[in-house]
Amino acid sequence: MTEDEVSLRKQLVEHYQKVDALGLNEMSSGNLSVRFRDEMLISPNGATGDSISLENIVRCSLNGEYQGKRLPSSEWRMHASIYLKYADAGAVVHTHSDYCVAVASHEISLPGFHYLVGVFGGGDVPCVPYSTFGREKLAKDASDALAERTACLLGNHGMIAKAPNLKRAVNQAQRLEIMCRQYVLAKQIGEPKKLTKTDWEDFFKKADEMAYARNG
Ligand SMILES: [Zn+2]
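Residues numbered from 1 in each chain as written. Predicted model: local features only at pLDDT ≥ 70, side-chain atom pairs only at ≥ 80, totals over all residues. Heavy atoms only, no water.

## Regarding unusual backbone geometry
Which entries qualify depends on this criterion: Numbering of helices and strands starts at the N terminus; helices are DSSP runs of H or I of at least 4 residues and strands are runs of E of at least 2. Between buried and exposed lies partly exposed: a residue is buried under 20% and exposed over 50% of the maximum accessible area for its type, with that area taken using a 1.4 Å probe on protein chains only.
Even without a glycine there, the phi angle at Arg 37 is positive, about 55°. By the secondary structure assignment, Arg 37 is in the loop between strand E1 (31-36) and strand E2 (39-42). Here Glu 107, not a glycine, exhibits a phi torsion of approximately 50°, which is positive. Structurally, Glu 107 can be placed in the loop between helix H3 (98-104) and strand E5 (127-128). A relative accessible area of 39% places Glu 107 in the partly exposed class.

In structure tokens:
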């Protein structure tokens, strides 16, 4: 195993354990992967925060051929489909975190009730219709939904997010869980006000200005 593969496996273990520690991966319902050359490294089927290790992470091609004794996560198709469609996707995280599931169980998008919904790339976070876990349809629907967003909800299932690296992917999962929790709280005292089209135009203008400022 090359040094860069060992390093990525190490990062994957650390970030999988972080997702677990954040409470986003109860009873190991989530999975995490990172792009490696023209393949991916993905958490094995049945991984837990305690059992995941450098050795049991699965190296898997984007059409599902894997090496070693452990099976890749049953959701490898969703991960592979995202890497195949988006060159800028370097890591993918999928969870069944509580508040994402609460919103996704209504098969509704997370609306633009707060300006930080915009960090996922638009004025809402879409929800794809329910379909069976592990199937090609779910992989297609989820990856299509990420064309103009970094995350989406999966109807009656959970969430998935893409990012350039593992750290940012895990941040996306945590941020979406927070936003869904705050939306559920807001709904308890009525229908929250949504940001307008003009609000969003100015939000993205300001976000661009900030990006320019950061990049010099
Ligand atoms: Zn799942």
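## Regarding the sheet that holds strand E4 (residues 91-95)
Working definition: the strands of a sheet are paired by backbone hydrogen bonds and lie parallel or antiparallel to each other. Going by this rule: Whether two strands pair depends on DSSP finding at least two bridges between them. Only heavy atoms enter the contact rule, under which two residues are in contact if any of them lie within 4.5 Å. Angles here are taken between N-to-C directions and fall from 0 to 180 degrees, while the axes themselves are lines fitted to C-alpha atoms, restricted in helices to the stretch in contact.
Taken together, seven strands build an open sheet; the order of strands is E3-E2-E1-E4-E7-E6-E5 and the sheet is mixed. Among the strands making up the open sheet, the edge pair consists of strand E3 (58-61) and E5. Bridge count between E4 and strand E7 (residues 158-163): five bridges; the pairing is antiparallel. Bridged to Val 92 within E7 is Lys 162. Contacts between helix H1 (residues 3-21) and the sheet are confined to E1, E2, E3 and E4, with E1 contributing the most and set at about 160° to the helix.

## Some remarks on the pattern of salt bridges
What counts, and what does not: Should a side-chain nitrogen of Lys or Arg be within 4 Å of a carboxyl oxygen of Asp or Glu, the pair is scored as a salt bridge.
Following the criterion strictly, the structure yields 13 salt bridges and no others. A salt bridge links Glu 5 to Arg 59, with the nearest nitrogen and oxygen atoms 2.9 Å apart. Residue Glu 5 is found in helix H1, and its partner Arg 59 is found in strand E3; the two are separated by 54 residues along the sequence. Exposure remark for Arg 59: the relative accessible area of 18% places this residue in the buried category. In this structure, Lys 206 and Glu 209 form a salt bridge, with 3.8 Å as the shortest nitrogen-oxygen distance. Here Glu 209 and Lys 206 lie together in helix H6 (residues 197-215), a separation of three residues that amounts to about one turn.

## Describing the packing of aromatic side chains
Which entries qualify depends on this criterion: Ring geometry is summarised as follows: Phe, Tyr and Trp rings, the Trp one being its six-membered ring, pair when their centres sit within 6.5 Å, and such pairs are stacked at plane angles under 30 degrees, edge-to-face over 60 and tilted between the two. Lysine and arginine charges are scored as sitting over a ring when NZ or CZ, respectively, is within 6 Å of the ring centre and within 35 degrees of the ring normal.
Applying the stated criterion to the full structure yields five aromatic pairs. Between Tyr 115 and Phe 203 the ring centres are 6.1 Å apart and the planes differ by 55°, which places this aromatic pair in the tilted class. Of this pair, Tyr 115 sits in the loop between H3 and E5 while Phe 203 sits in helix H6; the two residues are 88 residues apart in sequence, bridging distant segments of the chain. Classification of Phe 203 as buried rests on a relative accessible area of 17%. One aromatic cluster is present, built from ring pairs that chain together Tyr 115, Trp 200, Phe 203 and Phe 204. Here the basic side chain of Lys 162 rests over the ring of Tyr 86, its NZ or CZ set 4.8 Å away from the ring centre.

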